[in-house]
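# Structural characterization, general
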Amino acid sequence: MNAFVWLTGDLPFIQKSFFRNFVAFLFALILLLRQKSGFRPTKGALPALLLRSFGGTLGILCNFYAVDHLVLSDASILNKMSPFFAILFSWLLLHEKISRKQAIIVLGTLIGSLFVVKPSFSNADFFASAVGLMDGLFAGMAYTMVRRLGAIGENKAYIVFFFSAFSCIVTLPYLLFSYTQMTWKQLLFLILAGLSAADGQFGITSAYCYAPAREISVYDYTQILFSAGLGFLLFAQIPDWLSVIGYLIIIAMAAMMFFYQKKGAAKST
(Lines give C-alpha, C1' and ligand atoms only; values in the text may rest on other atoms or scores of the structure.)
Protein backbone atom coordinates (compact mmCIF):
# COMPACT_ATOMS: atom_id res chain seq x y z
CA MET A 1 0.00 0.00 0.00
CA ASN A 2 2.72 2.46 0.98
CA ALA A 3 4.62 1.75 -2.25
CA PHE A 4 1.55 2.46 -4.39
CA VAL A 5 0.87 5.64 -2.39
CA TRP A 6 4.45 6.79 -3.05
CA LEU A 7 4.04 6.05 -6.78
CA THR A 8 1.04 8.41 -7.01
CA GLY A 9 3.50 11.30 -6.78
CA ASP A 10 2.65 14.81 -5.65
CA LEU A 11 -1.09 14.37 -5.10
CA PRO A 12 -2.33 15.82 -1.77
CA PHE A 13 -2.11 13.18 0.98
CA ILE A 14 -5.74 13.86 2.00
CA GLN A 15 -6.90 13.01 -1.52
CA LYS A 16 -4.84 9.82 -1.41
CA SER A 17 -6.45 8.92 1.92
CA PHE A 18 -9.97 9.34 0.54
CA PHE A 19 -9.44 6.93 -2.36
CA ARG A 20 -7.66 4.41 -0.14
CA ASN A 21 -10.59 4.33 2.27
CA PHE A 22 -13.26 4.45 -0.42
CA VAL A 23 -12.04 1.14 -1.88
CA ALA A 24 -12.05 -0.44 1.61
CA PHE A 25 -15.55 0.98 2.14
CA LEU A 26 -16.82 -0.75 -1.00
CA PHE A 27 -15.24 -4.05 0.06
CA ALA A 28 -16.83 -3.89 3.51
CA LEU A 29 -20.19 -2.83 2.05
CA ILE A 30 -20.30 -5.80 -0.31
CA LEU A 31 -19.38 -8.16 2.52
CA LEU A 32 -22.11 -6.76 4.80
CA LEU A 33 -24.69 -7.07 2.02
CA ARG A 34 -23.69 -10.69 1.44
CA GLN A 35 -23.91 -11.42 5.18
CA LYS A 36 -27.28 -9.65 5.44
CA SER A 37 -26.23 -8.56 8.92
CA GLY A 38 -27.61 -5.02 8.73
CA PHE A 39 -26.01 -1.64 9.25
CA ARG A 40 -26.72 -0.98 12.92
CA PRO A 41 -23.93 -1.15 15.48
CA THR A 42 -24.06 -3.54 18.40
CA LYS A 43 -25.61 -2.02 21.52
CA GLY A 44 -23.02 0.05 23.37
CA ALA A 45 -20.50 -0.09 20.50
CA LEU A 46 -21.01 3.40 19.03
CA PRO A 47 -18.53 5.30 21.29
CA ALA A 48 -15.78 2.78 20.57
CA LEU A 49 -16.61 2.83 16.83
CA LEU A 50 -16.29 6.62 16.78
CA LEU A 51 -12.98 6.58 18.68
CA ARG A 52 -11.66 3.80 16.45
CA SER A 53 -12.63 5.77 13.34
CA PHE A 54 -11.26 9.06 14.67
CA GLY A 55 -7.90 7.52 15.58
CA GLY A 56 -7.75 5.46 12.40
CA THR A 57 -8.48 8.46 10.17
CA LEU A 58 -5.82 10.64 11.81
CA GLY A 59 -3.41 7.70 11.69
CA ILE A 60 -3.87 7.20 7.93
CA LEU A 61 -3.49 10.91 7.21
CA CYS A 62 -0.26 10.99 9.22
CA ASN A 63 0.94 7.79 7.56
CA PHE A 64 0.37 9.08 4.03
CA TYR A 65 2.09 12.38 4.85
CA ALA A 66 5.08 10.43 6.22
CA VAL A 67 5.18 8.15 3.16
CA ASP A 68 5.31 11.23 0.91
CA HIS A 69 8.26 12.76 2.79
CA LEU A 70 10.33 9.88 4.22
CA VAL A 71 12.15 6.76 3.14
CA LEU A 72 9.47 4.06 2.80
CA SER A 73 10.93 1.84 5.52
CA ASP A 74 11.15 4.79 7.97
CA ALA A 75 7.45 5.59 7.49
CA SER A 76 6.58 1.91 7.96
CA ILE A 77 8.59 1.38 11.15
CA LEU A 78 7.05 4.47 12.75
CA ASN A 79 3.62 3.05 11.94
CA LYS A 80 4.67 -0.14 13.72
CA MET A 81 4.91 1.78 16.99
CA SER A 82 1.13 1.27 17.18
CA PRO A 83 1.16 -2.01 19.21
CA PHE A 84 3.16 -0.32 21.95
CA PHE A 85 0.94 2.75 22.00
CA ALA A 86 -1.99 0.31 22.12
CA ILE A 87 -0.61 -1.00 25.43
CA LEU A 88 -0.58 2.54 26.82
CA PHE A 89 -4.10 3.28 25.59
CA SER A 90 -5.34 -0.05 26.97
CA TRP A 91 -4.06 1.12 30.35
CA LEU A 92 -5.57 4.60 29.99
CA LEU A 93 -8.91 3.76 28.34
CA LEU A 94 -9.60 0.12 29.21
CA HIS A 95 -7.87 0.19 32.63
CA GLU A 96 -5.78 -2.86 31.82
CA LYS A 97 -2.69 -3.37 33.98
CA ILE A 98 0.82 -2.85 32.59
CA SER A 99 3.56 -5.00 34.07
CA ARG A 100 7.03 -3.69 34.77
CA LYS A 101 8.47 -5.69 31.85
CA GLN A 102 5.85 -4.29 29.48
CA ALA A 103 6.67 -0.75 30.61
CA ILE A 104 10.39 -1.36 29.99
CA ILE A 105 9.66 -2.75 26.52
CA VAL A 106 7.47 0.25 25.65
CA LEU A 107 10.26 2.58 26.82
CA GLY A 108 12.72 0.62 24.66
CA THR A 109 10.56 1.09 21.55
CA LEU A 110 10.32 4.83 22.21
CA ILE A 111 14.12 4.96 22.40
CA GLY A 112 14.30 3.02 19.13
CA SER A 113 11.90 5.46 17.50
CA LEU A 114 14.23 8.35 18.40
CA PHE A 115 16.92 6.80 16.18
CA VAL A 116 14.45 6.88 13.28
CA VAL A 117 12.96 10.31 14.04
CA LYS A 118 16.37 11.86 14.87
CA PRO A 119 14.97 14.92 16.68
CA SER A 120 17.16 17.84 15.64
CA PHE A 121 16.64 21.25 14.11
CA SER A 122 19.28 20.29 11.54
CA ASN A 123 17.26 17.25 10.42
CA ALA A 124 15.19 18.30 7.39
CA ASP A 125 12.91 15.25 7.84
CA PHE A 126 12.22 15.85 11.55
CA PHE A 127 8.68 17.18 11.06
CA ALA A 128 7.71 14.34 8.72
CA SER A 129 9.23 11.82 11.16
CA ALA A 130 7.28 13.34 14.05
CA VAL A 131 4.09 13.09 11.98
CA GLY A 132 4.96 9.44 11.25
CA LEU A 133 5.34 8.80 14.98
CA MET A 134 1.90 10.37 15.54
CA ASP A 135 0.61 7.85 13.00
CA GLY A 136 1.72 5.07 15.34
CA LEU A 137 0.08 6.82 18.30
CA PHE A 138 -3.31 7.30 16.61
CA ALA A 139 -3.21 3.78 15.15
CA GLY A 140 -2.51 2.44 18.65
CA MET A 141 -5.62 4.20 19.92
CA ALA A 142 -7.63 2.77 17.02
CA TYR A 143 -6.42 -0.80 17.69
CA THR A 144 -7.31 -0.41 21.36
CA MET A 145 -10.88 0.39 20.33
CA VAL A 146 -10.90 -2.58 17.95
CA ARG A 147 -10.00 -4.74 20.92
CA ARG A 148 -12.88 -3.19 22.86
CA LEU A 149 -15.27 -3.78 19.96
CA GLY A 150 -14.14 -7.40 19.72
CA ALA A 151 -14.98 -7.88 23.39
CA ILE A 152 -18.45 -6.41 22.77
CA GLY A 153 -18.96 -8.78 19.84
CA GLU A 154 -19.17 -6.24 17.02
CA ASN A 155 -19.11 -7.61 13.46
CA LYS A 156 -15.57 -7.25 12.05
CA ALA A 157 -16.83 -6.27 8.61
CA TYR A 158 -18.99 -3.58 10.21
CA ILE A 159 -15.95 -2.18 12.05
CA VAL A 160 -14.11 -1.79 8.71
CA PHE A 161 -17.27 -0.41 7.06
CA PHE A 162 -17.89 2.20 9.79
CA PHE A 163 -14.28 3.33 9.89
CA SER A 164 -13.96 3.58 6.10
CA ALA A 165 -17.25 5.50 5.79
CA PHE A 166 -16.24 7.86 8.61
CA SER A 167 -12.86 8.55 6.99
CA CYS A 168 -14.42 9.19 3.57
CA ILE A 169 -16.93 11.64 5.06
CA VAL A 170 -14.17 13.52 6.91
CA THR A 171 -11.93 13.86 3.84
CA LEU A 172 -14.69 14.44 1.25
CA PRO A 173 -15.00 18.25 1.86
CA TYR A 174 -11.32 18.66 0.96
CA LEU A 175 -11.92 16.91 -2.38
CA LEU A 176 -14.98 19.04 -3.13
CA PHE A 177 -13.05 22.31 -2.72
CA SER A 178 -9.43 21.36 -3.48
CA TYR A 179 -9.55 18.39 -5.85
CA THR A 180 -6.35 17.85 -7.83
CA GLN A 181 -6.70 16.48 -11.34
CA MET A 182 -5.16 13.01 -11.66
CA THR A 183 -3.62 11.10 -14.53
CA TRP A 184 -4.88 7.60 -15.30
CA LYS A 185 -1.66 6.20 -13.79
CA GLN A 186 -2.18 8.07 -10.52
CA LEU A 187 -5.78 6.85 -10.34
CA LEU A 188 -4.64 3.29 -11.04
CA PHE A 189 -2.02 3.45 -8.28
CA LEU A 190 -4.60 4.84 -5.83
CA ILE A 191 -6.99 2.00 -6.65
CA LEU A 192 -4.16 -0.51 -6.15
CA ALA A 193 -3.30 1.19 -2.83
CA GLY A 194 -6.93 0.85 -1.77
CA LEU A 195 -7.06 -2.81 -2.81
CA SER A 196 -3.83 -3.51 -0.90
CA ALA A 197 -5.17 -1.74 2.18
CA ALA A 198 -8.53 -3.53 2.05
CA ASP A 199 -6.82 -6.91 1.63
CA GLY A 200 -4.50 -6.10 4.52
CA GLN A 201 -7.36 -5.06 6.81
CA PHE A 202 -9.44 -8.14 6.16
CA GLY A 203 -6.36 -10.37 6.20
CA ILE A 204 -5.22 -9.24 9.64
CA THR A 205 -8.81 -9.42 10.93
CA SER A 206 -9.08 -13.02 9.74
CA ALA A 207 -5.69 -13.84 11.30
CA TYR A 208 -6.84 -12.57 14.70
CA CYS A 209 -9.90 -14.83 14.40
CA TYR A 210 -7.73 -17.93 14.14
CA ALA A 211 -4.98 -17.24 16.68
CA PRO A 212 -4.30 -15.08 19.76
CA ALA A 213 -2.95 -11.57 19.25
CA ARG A 214 0.25 -12.42 21.14
CA GLU A 215 1.11 -15.00 18.45
CA ILE A 216 0.30 -12.79 15.44
CA SER A 217 1.47 -9.26 16.20
CA VAL A 218 5.19 -10.01 15.82
CA TYR A 219 4.65 -11.17 12.22
CA ASP A 220 3.25 -7.76 11.33
CA TYR A 221 6.79 -6.44 11.59
CA THR A 222 7.70 -8.25 8.36
CA GLN A 223 6.16 -5.13 6.76
CA ILE A 224 9.45 -3.39 7.52
CA LEU A 225 11.36 -5.95 5.44
CA PHE A 226 8.89 -5.66 2.56
CA SER A 227 8.94 -1.84 2.74
CA ALA A 228 12.73 -1.69 2.82
CA GLY A 229 12.94 -4.12 -0.12
CA LEU A 230 10.35 -2.28 -2.20
CA GLY A 231 11.87 1.09 -1.33
CA PHE A 232 15.27 -0.11 -2.58
CA LEU A 233 14.03 -1.91 -5.71
CA LEU A 234 11.48 0.68 -6.86
CA PHE A 235 12.89 3.97 -5.58
CA ALA A 236 16.57 3.23 -4.77
CA GLN A 237 15.92 4.32 -1.17
CA ILE A 238 18.55 3.34 1.43
CA PRO A 239 17.89 4.18 5.12
CA ASP A 240 20.76 5.73 7.07
CA TRP A 241 22.60 3.81 9.78
CA LEU A 242 20.76 5.53 12.63
CA SER A 243 17.43 4.42 11.17
CA VAL A 244 18.72 0.84 10.84
CA ILE A 245 19.70 0.88 14.54
CA GLY A 246 16.18 2.12 15.33
CA TYR A 247 14.64 -0.69 13.24
CA LEU A 248 16.68 -3.30 15.10
CA ILE A 249 15.74 -1.89 18.53
CA ILE A 250 12.01 -1.72 17.73
CA ILE A 251 11.93 -5.20 16.16
CA ALA A 252 13.88 -6.58 19.14
CA MET A 253 11.35 -5.01 21.53
CA ALA A 254 8.51 -6.55 19.48
CA ALA A 255 10.16 -9.98 19.74
CA MET A 256 10.61 -9.52 23.50
CA MET A 257 6.95 -8.58 23.86
CA PHE A 258 5.98 -11.65 21.80
CA PHE A 259 7.87 -14.08 24.02
CA TYR A 260 6.82 -12.27 27.21
CA GLN A 261 3.13 -12.53 26.31
CA LYS A 262 3.49 -16.13 25.17
CA LYS A 263 5.18 -17.05 28.46
CA GLY A 264 2.42 -15.27 30.41
CA ALA A 265 -0.25 -17.17 28.46
CA ALA A 266 1.48 -20.49 29.16
CA LYS A 267 1.56 -19.74 32.89
CA SER A 268 -2.13 -18.80 33.00
CA THR A 269 -3.00 -22.01 31.12
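Preceding block: the structure.
Residues numbered from 1 in each chain as written. Predicted model: local features only at pLDDT ≥ 70, side-chain atom pairs only at ≥ 80, totals over all residues. Heavy atoms only, no water.

Two elements in contact, helix 3 (residues 46-69) and helix 7 (residues 126-152), have axes whose closest approach is 7 Å; the angle formed by their N-to-C orientations is 155°. In terms of axis orientation, helix 3 runs roughly antiparallel to helix 7. Relative to helix 7, the crossing made by helix 3 is left-handed. Of the residues in the contact of helix 3 with helix 7, the class split is 20 nonpolar, six polar and three charged. (Axes fitted to C-alpha atoms, helices over the stretch in contact; angles between N-to-C directions. Helix = DSSP H or I, 4+ residues; strand = E, 2+ residues; numbered from the N terminus. Parallel < 35°, antiparallel > 145°, perpendicular 65-115°, else oblique. Left-handed = near helix turned anticlockwise from the far one by under 90°. Nonpolar A, V, L, I, M, F, W, Y, C, P; charged D, E, K, R; others polar.)

Attention shifts here to the side chain of Glu154. Considering the arrangement of structural elements, one finds Glu154 in the loop between helix 7 and helix 8 (156-178). It turns out Glu154 is buried and unbridged, and the closest side chain with the opposite charge, Lys156, is 9.7 Å from it. Of the polar contacts made by the side chain of Glu154, one reaches the backbone nitrogen of Thr42; its length is 2.8 Å. (Buried < 20%, exposed > 50% of the residue type's maximum accessible area, 1.4 Å probe, protein only. Lys, Arg positive; Asp, Glu negative; His and termini not counted. Salt bridge = Lys/Arg side-chain N within 4 Å of Asp/Glu carboxyl O. Polar contact = N/O pair within 3.5 Å; in protein donor to acceptor, adjacent residues only side chain to side chain.)

Among the nonpolar cores identified, the biggest contains 25 residues, and Val5, Val67, Leu70, Leu72 and Ile77 are the most heavily contacted of them. Counting residues per element, the ones that place at least two in this core are helix 1 (2-7), helix 3, helix 4 (72-79), helix 5 (82-93), helix 7 and helix 12 (241-268). Examining the composition of this core, we find that six residues originate from one element, helix 3, more than from any other. Residues Ala28, Leu32, Leu49 and Phe162 belong to the second largest nonpolar core, which totals 16 residues. (Core = buried A, V, L, I, M, F, W, Y, C linked by side-chain atoms within 4.5 Å.)

So, on to the packing of aromatic side chains. Tallied over the full model, the rule gives 10 aromatic pairs. Geometrically, the ring pair formed by Phe13 and Tyr65 is edge-to-face, given 5.4 Å between the ring centres and 80° between the ring planes. With a gap of 52 residues between them, Phe13 in helix 2 (residues 13-35) and Tyr65 in helix 3 connect regions that are remote in the sequence. On the accessibility criterion, Phe13 (26% relative accessible area) is partly exposed. An aromatic cluster is defined as three or more aromatic residues linked by ring pairs; in this entry it consists of Phe18, Phe19, Phe22, Phe25, Phe39, Tyr158, Phe161 and Phe162. Seen from the ring of Phe163, Arg52 lies directly overhead, with NZ or CZ sitting 4.1 Å from the centre. (Phe/Tyr/Trp six-rings, centres within 6.5 Å; stacked < 30°, edge-to-face > 60°. Lys NZ or Arg CZ within 6 Å of the ring centre and 35° of its normal.)

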